[in-house]
Amino acid sequence: MKVLVVEDEVRLAETVQRALAAEGMSVDIVHNGVDGLWAASENPYDVIVLDIMLPQLSGYRVVEELRRRGVWTPVLMLTAKDGEYDQADAFDLGADDYLTKPFSFIVLVARLRALARRGAPERPVVFVAGDLTLDPARHRVARGEVEISVTPREFGLLEFLMRHRGDVVSKTEILAGVWDSAYEGDPNVVEVYVGYLRRKIDLPFGRQAIETVRGTGYRLAADG
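Rules behind the numbers
Residues numbered from 1 in each chain as written. Predicted model: local features only at pLDDT ≥ 70, side-chain atom pairs only at ≥ 80, totals over all residues. Heavy atoms only, no water. Helix = DSSP H or I, 4+ residues; strand = E, 2+ residues; numbered from the N terminus. Buried < 20%, exposed > 50% of the residue type's maximum accessible area, 1.4 Å probe, protein only. Contact = heavy atoms within 4.5 Å. Areas by Shrake-Rupley, 256 points an atom, 1.4 Å probe, with all protein chains shown as cover. Lys, Arg positive; Asp, Glu negative; His and termini not counted. Charge placed at Lys NZ, Arg CZ, Asp CG, Glu CD. Domains from an automatic or database assignment. Phe/Tyr/Trp six-rings, centres within 6.5 Å; stacked < 30°, edge-to-face > 60°. Salt bridge = Lys/Arg side-chain N within 4 Å of Asp/Glu carboxyl O. pLDDT = per-residue confidence, 0-100.

Time to look at the overall build of the protein chain. Counting its regular elements, the protein chain contains eight helices and twelve strands. When its C-alpha atoms are laid out on the principal axes, the protein chain stretches across 60 × 35 × 25 Å. In the protein chain, which comprises 224 residues, the share counted as buried stands at 43%. Taking as baseline every contact in the protein chain between residues at least 6 positions apart, the subset at least 24 positions apart corresponds to 58%. Counting every atom, the protein chain has about 11600 Å² of accessible surface; 48% of that belongs to carbon and sulfur. Positive and negative side-chain charges in the protein chain, numbering 27 and 35 respectively, have mean positions lying 2 Å apart.

By a widely used convention, the size of an interface equals the accessible area lost when the partners come together. Looking at the protein chain, the domain boundaries give domain 1 (2–119) and domain 2 (127–220). Using C-alpha coordinates to define each centre, domain 1 is positioned 34 Å away from domain 2.

In total, this model carries three aromatic pairs according to the counting rule given. An angle of 50° between the planes, with centres 6.5 Å apart, marks the rings of Phe91 and Tyr98 as tilted. A residue is classified by how much of its surface remains accessible, and Phe91, at 39% relative accessible area, is partly exposed. Note on Tyr98: relative accessible area 6%, which makes it buried. Centroid distance Tyr193 to Tyr196: 5.1 Å. Interplanar angle 80°. Geometry classified as edge-to-face. Of the two residues, Tyr193 and Tyr196 are both situated in helix α8 (residues 189–202); the distance of three residues between them amounts to about one turn of the helix.

As enumerated under the stated definition, the model contains 16 salt bridges in all. When the shortest N-O distance is used, the salt bridge between Arg67 and Asp96 registers 2.9 Å. Residue Arg67 is found in helix α3 (residues 59–68), and its partner Asp96 is found in the loop between α4 (84–93) and β5 (97–100); the two are separated by 29 residues along the sequence. Of the charged contacts in the structure, one is a salt bridge between Lys171 and Glu191, with a shortest N-O distance of 3.6 Å. You can see Lys171 sitting in helix α7 (residues 171–179) and its partner Glu191 sitting in helix α8, a full 20 residues away along the chain. Classification of Glu191 by relative accessible area gives partly exposed; the value is 44%. In the salt-bridge network here, residues are joined through shared partners; they are Glu7, Glu9, Asp51 and Lys101.

Low pLDDT marks regions whose predicted coordinates should not be analysed in detail. Chain-level pLDDT for the protein chain is 86 on average; 93% of the residues reach the 70-or-more range. Confidence, expressed as mean pLDDT per element, reaches its minimum in the protein chain at α4 with 75 and its maximum at α8 with 95.

The structure is reproduced here in structure tokens:
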């Protein structure tokens, strides 16, 4: 297994290299984000170990740019940042796993092997339906080059529809996926928010991406 370690703490990087080498892995090390991005883009690796707090270019930006370039090598974020939002940001940008410092080398090796077995299936970071795009990491919605301002609830509804684009989803499914499975309010709130979205992502652009399937629910046209 060939591993790239992007870590600015030299001693830690060397310790990780020795530990992985002892497990029969081939390890390359770089110490800043720019070199990490170049190495990961230009060389084939089975998995990448990537710190978040890096000189020149953060680990967040590295993984984001790799995914934008279509590099889908599995990435394990290795960092001292252990907040829930830090982890959520890493996953939204395209990371595959997250391990906080200090860590167990036994766990690190096990997770790297699991990621390598899983491989690197291509998957989008930004959801696309025609010229309609939704970027979960940046919380951005756009039609072509025109950015669209939406509320958090509208964003959640559109993300749910885009994750299921081309499929018909019921009000019950939308309520469970966007509001809460225990929501006891008026289910017609879905209809209200679909109307809000249509007035923002469809009507100004002469589109009808959100379709009403009478008696069943809603569908976001796969081609926008």
